[in-house]
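Residues per chain, in single letters:
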Amino acid sequence: DSGVTQTPKHLITATGQRVTLRCSPRSGDLSVYWYQQSLDQGLQFLIQYYNGEERAKGNILERFSAQQFPDLHSELNLSSLELGDSALYFCASSVGHRGGNPGTQYFGPGTRLLVL
Amino acid sequence: LAKTTQPISMDSYEGQEVNITCSHNNIATNDYITWYQQFPSQGPRFIIQGYKTKVTNEVASLFIPADRKSSTLSLPRVSLSDTAVYYCLVGDMGTGFQKLVFGTGTRLLVSP
């Protein structure tokens, strides 16, 4: 158990819909990262937050957005869903650093999204 | 932006040493190299991290040459439970808006 929790574990929805994935980081971790894992794209970094502020952005679509709340939990919002958005979405957390050694990321169990 | 490539798969036997290489030709000055292990339907799990030369912990060693354009994860005396997919991750998570790039992943199969 990494200490990172993600809900829901599974999500089935239809094209065009909007869903919210939730992540609670390990106690004491200030950074939260979101990743997408699909069969054809592998593990893709989406976005990182540090203590409530966006820190780094990867291959995140404009239809996707995220935020980190004052209690440090994070939500990833996926809208106008397409079939190709079906994937495993992982959240990870780390202590977080302003520079240099990024430290260890601890990954949650993931949310499996299926868009029909 | 670093691009990372790894061999798709590797086979080994119990008790052997396994070396998995990741190529990251465009690694930036501040990028660190991290290796993760992933089992089916689970999130990746941290193995080891380094910036240059050699790093060793209780489960693996990481070798990084001077030009840092590649790195090699070394697993000593693998067991059946080491059968998993191994990913390298390259990036600097601390300064500015930097991207984190996972390698393509290497599927390791350990046989008796």
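Colleague: Residues and numbers for the overall build of chain B, please.
Modeller: In terms of regular secondary structure, chain B is built from zero helices and 10 strands. Going from the N terminus to the C terminus, chain B shows its helices and strands as β-β-β-β-β-β-β-β-β-β. At 14 Å, chain B has a C-alpha radius of gyration in line with the 13 Å of a compact globule built from 112 residues. Once the C-alpha set of chain B is aligned to its principal axes, its extents read approximately 45 × 30 × 20 Å. Out of the 112 residues belonging to chain B, those deemed buried represent 48%. Sequence-distant contacts, at least 24 apart, represent 55% of the contacts inside chain B between residues at least 6 apart. Carbon together with sulfur atoms contributes 52% to the accessible area of chain B, which is approximately 5600 Å² in total. Measuring between centres, the 9 positive side-chain charges of chain B sit 7 Å from its 8 negative side-chain charges.

Colleague: Tell me what's going on with the side chain of Asn 77 of chain A, and back it up with residues and numbers.
Modeller: Residue and element names in this part refer to chain A. Along the chain, the position of Asn 77 falls in strand 8 (residues 74-78). Accessibility expressed as a relative area gives 6% for Asn 77, which makes it buried. A polar contact of 2.8 Å, which involves the side chain of Asn 77, links it to the side chain of Thr 20. Residue contacts for Asn 77: discarding those within four places in its chain leaves Arg 18, Val 19, Thr 20, Arg 63, Phe 64, Ser 65 and Gln 67.

Colleague: I'd like a description of the environment of Arg 63 of chain A, backed by residues and values.
Modeller: Checked against the element boundaries, Arg 63 of chain A lands in the loop between strand 6 (53-57) and strand 7 (64-68). Apart from the residues within four sequence positions on either side, Arg 63 of chain A is in contact with Asn 77, Leu 78, Ser 79, Ser 80, Leu 81, Glu 82 and Asp 85 of chain A.

Colleague: So, the sheet that holds strand 7 of chain A: which residues are in play, and what are the values?
Modeller: Strand pairing in a sheet is mediated by backbone hydrogen bonds. Such pairs are either parallel or antiparallel. Residue and element names in this part refer to chain A. Strand order in this open sheet of four strands is 1-3-8-7, and the pairing throughout is antiparallel. The open sheet is flanked by strand 1 (5-7) and strand 7, the only strands paired with a single partner. Geometrically, the sheet is characterised by an average inter-axis angle of 15° between neighbouring strands, direction not taken into account.

Colleague: Please set out the packing of aromatic side chains residue by residue, giving values where relevant.
Modeller: Counting across every chain of the model gives 11 aromatic pairs over all chains. When the ring of Tyr 35 of chain A is compared with that of Phe 102 of chain B, the centres are 5.3 Å apart and the planes differ by 75°; the resulting orientation is edge-to-face. Here Tyr 35 of chain A, found in strand 4 (residues 31-38), pairs with Phe 102 of chain B, found in strand 9 (residues 101-102), and the two come from separate chains. Judged by relative accessible area, which is 0%, Tyr 35 of chain A ranks as buried. Residue Phe 102 of chain B is classed as buried on the basis of its relative accessible area, which comes to 7%. Ring plane angle 80° and centroid distance 6.1 Å describe the contact between Tyr 36 of chain B and Phe 46 of chain B, whose orientation is recorded as edge-to-face. In this pair, Tyr 36 of chain B is assigned in strand 3 (residues 32-38) and Phe 46 of chain B in strand 4 (residues 45-50), connecting sequence segments 10 residues apart. The class for Phe 46 of chain B is partly exposed, based on a relative accessible area of 27%. Arg 26 of chain A extends its terminal NZ or CZ atom over the ring of Tyr 106 of chain A, reaching a point 3.7 Å from the ring centre. A cation sits over an aromatic face here: Arg 68 of chain B above Tyr 51 of chain B, 4.1 Å from the ring centre.

Reading the values: rules and limits
- Residues numbered from 1 in each chain as written.
- Chains lettered and ligands numbered in written order.
- Predicted model: local features only at pLDDT ≥ 70, side-chain atom pairs only at ≥ 80, totals over all residues.
- Heavy atoms only, no water.
- Helix = DSSP H or I, 4+ residues; strand = E, 2+ residues; numbered from the N terminus.
- Rg over C-alpha atoms; globule rule 2.2 N^0.38 Å.
- Buried < 20%, exposed > 50% of the residue type's maximum accessible area, 1.4 Å probe, protein only.
- Contact = heavy atoms within 4.5 Å.
- Areas by Shrake-Rupley, 256 points an atom, 1.4 Å probe, with all protein chains shown as cover.
- Lys, Arg positive; Asp, Glu negative; His and termini not counted.
- Charge placed at Lys NZ, Arg CZ, Asp CG, Glu CD.
- Polar contact = N/O pair within 3.5 Å; in protein donor to acceptor, adjacent residues only side chain to side chain.
- Pairing = 2+ DSSP bridges.
- Axes fitted to C-alpha atoms, helices over the stretch in contact; angles between N-to-C directions.
- Phe/Tyr/Trp six-rings, centres within 6.5 Å; stacked < 30°, edge-to-face > 60°.
- Lys NZ or Arg CZ within 6 Å of the ring centre and 35° of its normal.

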